[in-house]
Amino acid sequence: MKASEIRDTFLKFFESKGHQIVASSPVVPGDDPTLLFTNAGMNQFKDVFLGFDKRPYSRATTSQKCIRAGGKHNDLDNVGYTARHHTFFEMLGNFSFGDYFKHDAISYAWELLTEHFKLPKDKLWVTVYSEDDEAYDIWNKVVGVPAERIVRIGDNKGGRYMSDNFWMMGDTGPCGPCTEIFFDHGPEVAGGPPGSPDEDGDRYIEIWNNVFMQFNRTEDGVMHRLPKPSVDTGMGLERIAAVLQHVHSNYEIDTFVGLIGASKAAVEAAGGAGVDAASPSLKVIADHIRACSFTIVDGVIPGNEGRGYVLRRIARRAIRHGYKLGARTPFFHKIVAELAAQMGEAYPELRAAQARVTEVLKAEEERFFQTIERGMEILEGALAAGTQQVDGETAFKLHDTYGFPVDLTADVCRERGVTVDSAGFEVAMNRQREQARAAGKFKMAAGLEYSGVATAFHGYEHLACETSKVVAVYVD
Ligand code: ATP
Ligand code: MG
Ligand code: MG
Ligand code: MG
């Protein structure tokens, strides 16, 4: 089954269960300043869950464009390292707004997976929130999943394992306990079952999360009960496609095979000779072209703050991976055509914006190719010394003079098992900011502070405010 057929099957299945098919919302949330990018199907229904907004339907189903490259859900550093994470992916979801609850949600999920997608039952594992006996009993007694494949998971307070069966969109907003469905890709893949110490492998892959929306978490951390308990689910299209196409990696599904082929061709045309089709860098490039293109479609352009800076960081990471493979001239923008061919039917806005997306990326590439070579020489010099940590001054110089976002520098270093002194980087950055301030010559641009949403930007507050040189608005 091709990814596009899986998407259709999912939507039609839930339509047959009385759900309204609703279009994906943009990846840039129009009216939610607490959110950097749309990170789940439920985002566009946030106010419906909270009881502030009413819809003419109480059940909905979507295929939602999601970006997880900042904020609470950030998978940027997983790309190229796991078989299951993307910065951009499609989340298939079904939603109940005060309509059905745990019993029906679990039964629908099981029916779709085992009867329509025909997944072998003994390869499916489920997790439930540790205190949720109701969900446990539905899985065990109603659906018939044996106890040895049901795992109770807490809210990860100890931080020992990755699993966390309490889902939150961000630091505030609708949230609740969840139950997750995992697929066992088999012993040839490394990794342990959910809840085990080696669960962070690619053997047991989480395919579907069913969240029982019961609370609204406000800024003071208080959990308020929602007017009506609801359901919010999310299944990664690329992950279920891998299962149904009998491959163990999202990067081997139909849509990615095309993108990786186009990435290889583009890199080779730009100077990379005989690129290995299995190179992790090609996966990164193929992933990043999706995230970059869909954010540009929704109006973001590369810049030095907020969303524009996230876009720039993703684009430059991709460009650096192409550079690593031998590209010496712009190549990244050339992959947009293949992406539009792959996804333009499901997302016509992509096709409509294809020329603009290509141009914006080309301009960003032309800019970065002016400094990447010199920057890489400096970084290679620092690494050649056999250091275990690149110092903050070097990272800052790369950032300030050569346009290397610090996470890009860290990405290069990670490949060599080296870290970056991020505290030292911050010190250098603050020093420059102070110097500029003392000079009394500048004023921070109004939009830079993102007042009121800083909590949603964990880890990026410092990146949102770039050096004075880059983002300050000089006023004489
Ligand atoms: P994981 O633990 O694998 O990082 P998650 O628990 O963070 O996933 P959820 O927030 O529960 O993911 O999102 C619902 C579903 O979306 C997941 O079950 C998975 O199928 C899919 N998904 C989540 N993150 C990604 C990603 N970065 N790339 C592709 N699919 C994803
Ligand atoms: Mg995750
Ligand atoms: Mg998870
Ligand atoms: Mg999950």
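Before reading further, recall that the structure is shown in the block above.
The numbers attached to residues start from 1 for each chain and follow its sequence in the written order. Following the order in which they are written, the chains are lettered starting with A and the ligands numbered starting with 1. Residues qualify for local features only when their pLDDT is at least 70, as the model is predicted, and side-chain atom pairs are given and counted only at 80 or more; totals for whole chains, interfaces and linings, by contrast, use all residues. By convention in this description, side-chain values take in all heavy atoms of the structure and omit both hydrogens and water.

### So, helix α4 (residues 133–143)
- The buried label goes to any residue with under 20% of its type's maximum accessible area, the exposed label to any with over 50%, and the partly exposed label to all in between, with areas taken from a 1.4 Å probe on protein chains only. Numbering of helices and strands starts at the N terminus; helices are DSSP runs of H or I of at least 4 residues and strands are runs of E of at least 2. Buried within α4 are the following residues: Ala135, Tyr136, Ile138 and Trp139. Seen from one end, α4 has its buried residues packed into an arc of 160 degrees, which puts them on one side.
- By definition in these notes, contact holds between two residues if any of their heavy atoms fall within 4.5 Å. In this fold, the buried residues of α4 make contact with α3 (102–116), β4 (124–129), β5 (150–153), β7 (173–184) and β8 (204–217).
- Just downstream of α4 lies Gly144, where phi reads positive at about 95 degrees. The arc in question is traced by the directions running from the helix axis to the C-beta atoms.

### Focus on the coordination of the magnesium ion (ligand 4)
- Every protein donor of the magnesium ion (ligand 4) is listed here as Glu180 (OE) and Glu206 (OE), and their distances to the metal cover 1.9 to 2.2 Å.
- The rule for donors is simple: N, O or S, within 2.8 Å of the metal, or within 3.2 Å if the metal is Na, K or Ca. Water isn't counted, so a site may look like it is missing partners. Separating the magnesium ion (ligand 4) and the magnesium ion (ligand 3) is a distance of 3.2 Å, and Glu206 donates to both of them. Separated by 26 residues along the polypeptide, Glu180 in strand β7 and Glu206 in strand β8 bring together distant segments of the chain.
- Classification of Glu180 as buried rests on a relative accessible area of 6%.

### Topic: unusual backbone geometry
- Phi at Lys118 takes a positive value of approximately 55 degrees, unusual for a residue other than glycine.
- Its place among the elements puts Lys118 in the loop between α3 and β4.
- For His246, which is not a glycine, the phi torsion comes out positive at approximately 60 degrees.
- Assignment of secondary structure puts His246 in the loop between α5 (237–244) and α6 (254–269).
- For His246, a relative accessible area of 70% puts it in the exposed group.

### Details of the site of ligand 1
- Looking at ligand 1, there are 17 residues lining it, with Asp75, His85, Trp167, Glu206 and Asn209 nearest.
- Within 3.5 Å is the distance limit for a polar contact, defined as a pair of N or O atoms, with the added protein rule that one can donate a hydrogen and the other accept it, and that residues adjacent in sequence qualify only through two side-chain atoms. Between an oxygen atom of ligand 1 and a side-chain N or O atom of Glu206, the distance comes to 2.7 Å.
- The separation between an oxygen atom of ligand 1 and a polar main-chain atom of Gly236 is 2.9 Å.
- For accessible areas, the Shrake-Rupley method is used with a probe of radius 1.4 Å. Any residue's cover is judged against the shown protein chains and nothing else. Computed on the free molecule, ligand 1 has an accessible area of 580 Å², of which 90% lies beneath the protein chains in the complex.
- At 4 residues, β8 tops the list of elements feeding residues into the shell around ligand 1. Throughout, near means a residue has at least one heavy atom within 4 Å of the molecule or strand.

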